[in-house]
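Residue-level structural notes
Here are the chains, one letter per residue:
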Amino acid sequence: MNLFLLDAPITSKRQVARGMFVIGLHAPEIANSVRAGQFVNLALSPGPLLRRPFSVYRASADHIEIVLKAVGAGTAQLLALEPGDRASCLGPLGRGFELAAGPQTAVLVSGGLGVAPMPLAARDARAAGMRVTWVHGARTAAELCAETDGETVIWATDDGSQGTAGTAVAAAPDAEVVLGCGPNRMLAALAERWPAAQVALETYMGCGTGVCLGCAVPLKGGGFDRACKEGPVYRAADVDWSALPTHLSYAVTA
Ligand SMILES: Cc1cc2nc3c(=O)[nH]c(=O)nc-3n(C[C@H](O)[C@H](O)[C@H](O)COP(=O)(O)OP(=O)(O)OC[C@H]3O[C@@H](n4cnc5c(N)ncnc54)[C@H](O)[C@@H]3O)c2cc1C
Ligand code: FES
């Protein structure tokens, strides 16, 4: 898999939920090679910001999109960018979802910012011949990303202000292939219900390229993996959920 480092112009910006924006970048090489579940590492160009990882949300011929909410200095600086500004974009990184042809149904379960890898997951699942149901949850209707994909869409909110009252995991129907992304506690619940599900994990990251070991993921069978290299997509049953933090701010948005 080729890796590209691009000085990418911002081409679009739109709001999709309270505080949540989709940013478009002109990045043809990455757009043409990215798979669902992979991410890019962004930095301001020039700028003081260390690279920050973001799942690729959508990809077209020349552009990629990321979905972004400000949780700290780096995401706030990226969110302040406007069309015409530029960001340094390294990717595609990591191992994405495995979506081989054969199964006929896929359910995508996302919580909060966990929508991020799902439009590409829907694209790749459809390309493999699957019918896609997307179940998306958040705390309230205002925090639900307004954009979804899939033949069937199910909403869930903790306070019942839109769709089913309760979690996306509880609202999800069974399917042959289950893909998840969201807060770690949500993914832990998903692992209980579907041990064979594939989940895209969010961890702290340093280099994003396998060198610093800052993204260690504890494994059920013992030892650690690097989320940026062997992940960020894992078989749900392989992760030691009890040893992963549940307090990350990215993770508490659902
Ligand atoms: C593979 C991957 C894909 C991601 N995709 C997206 C995405 O599509 N959209 C998006 O908005 N965010 C995404 N994130 C999370 C995003 O990278 C972090 O929110 C960001 O790095 C925080 O940088 P900051 O400088 O704003 O915050 P910091 O100042 O570094 O930290 C601010 C707060 O954010 C928390 N935080 C920092 N890094 C992370 C992290 N990696 N995960 C969770 N919480 C963190 C800290 O605990 C702190 O409370 C992804 C992370 C990974 C690992
Ligand atoms: S972030 Fe450095 S090894 Fe994964």
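Here the structure is a predicted model, which means the values were calculated and not measured.

A word on the site of ligand 1. In the neighbourhood of ligand 1, 22 residues make up the surrounding shell, with Pro53, Thr75, Glu202, Thr203 and Tyr204 lying closest. Here an oxygen atom of ligand 1 and a backbone polar atom of Gly72 are 3.2 Å apart. In isolation ligand 1 has 870 Å² of accessible area, and contact with the protein removes 86% of it. For the shell around ligand 1, the secondary-structure elements that each account for two or more residues are β4 (52-55), β6 (63-69) and α2 (73-79). Residues of the shell around ligand 1, tallied by class, amount to 13 nonpolar, six polar and three charged. Domain assignment of the residues forming the shell around ligand 1 places at least three in each of domain 1 (4-93) and domain 2 (105-253).

Moving on to the domain arrangement of the protein. In terms of domain boundaries, the protein breaks down into domain 1 (4-93) and domain 2 (105-253). For domain 1 versus domain 2, the separation of C-alpha centres amounts to 20 Å. When domain 1 packs against domain 2, close to 2,200 Å² is buried across both sides, 60% of that on carbon and sulfur atoms. If you sort the residues of domain 1 by the area they bury against domain 2, Arg18, Ala36 and Tyr57 come out on top, with a joint share of 23%. Among the ionic pairs, Asp149 bridges to Arg58, the shortest N-O distance being 3.7 Å. The interface formed by domain 1 and domain 2 contains eight residue pairs in polar contact (both at pLDDT 80 or more). Contributing elements (two or more residues each) for the side of domain 1 that touches domain 2: β1 (4-17), β2 (20-26), β3 (39-44), β4, β5 (58-59), β6 and β7 (86-93). Per-class residue counts for the side of domain 1 that touches domain 2 are 16 nonpolar, three polar and six charged.

Spatially, seven strands are ordered β11-β10-β9-β8-β12-β13-β16 in an open sheet, and the strand pairing comes out mixed. Of all strands in the sheet, those with a lone pairing partner are β11 (164-165) and β16 (233-235), marking the two edges. Bridge count between strand β13 (residues 198-200) and β16: three bridges; the pairing is antiparallel. Bridging from a neighbouring strand, Gln198 pairs with Arg235 of β16. Strand contacts of helix α3 (residues 118-127): β8 (105-111), β9 (131-138) and β12 (177-181), with the helix running at about 175° to β8, the strand carrying the most contacts.

Taken as a class, soluble globular proteins show a tendency for nonpolar side chains to be buried jointly. Ile64 and Val67 are the most contacted members of the largest nonpolar core, which totals 52 residues. Each of domain 1 (4-93) and domain 2 (105-253) gives at least three residues to this core. Residues in contact with Ile64, not counting those within four places in the same chain, are Ile23, Gly24, Leu25, Ala27, Ile30, Ala31, Val40, Val56, Arg58, Ala59 and Cys89. Membership of the second largest hydrophobic core comes to 30 residues, among which are Phe39, Ala172, Cys228 and Leu244.

Rules used throughout
Residues numbered from 1 in each chain as written. Chains lettered and ligands numbered in written order. Predicted model: local features only at pLDDT ≥ 70, side-chain atom pairs only at ≥ 80, totals over all residues. Heavy atoms only, no water. Near = heavy atom within 4 Å. Polar contact = N/O pair within 3.5 Å; in protein donor to acceptor, adjacent residues only side chain to side chain. Areas by Shrake-Rupley, 256 points an atom, 1.4 Å probe, with all protein chains shown as cover. Helix = DSSP H or I, 4+ residues; strand = E, 2+ residues; numbered from the N terminus. Nonpolar A, V, L, I, M, F, W, Y, C, P; charged D, E, K, R; others polar. Domains from an automatic or database assignment. Buried area = accessible area lost by both parts, 1.4 Å probe. Salt bridge = Lys/Arg side-chain N within 4 Å of Asp/Glu carboxyl O. Pairing = 2+ DSSP bridges. Contact = heavy atoms within 4.5 Å. Axes fitted to C-alpha atoms, helices over the stretch in contact; angles between N-to-C directions. Core = buried A, V, L, I, M, F, W, Y, C linked by side-chain atoms within 4.5 Å. Buried < 20%, exposed > 50% of the residue type's maximum accessible area, 1.4 Å probe, protein only.

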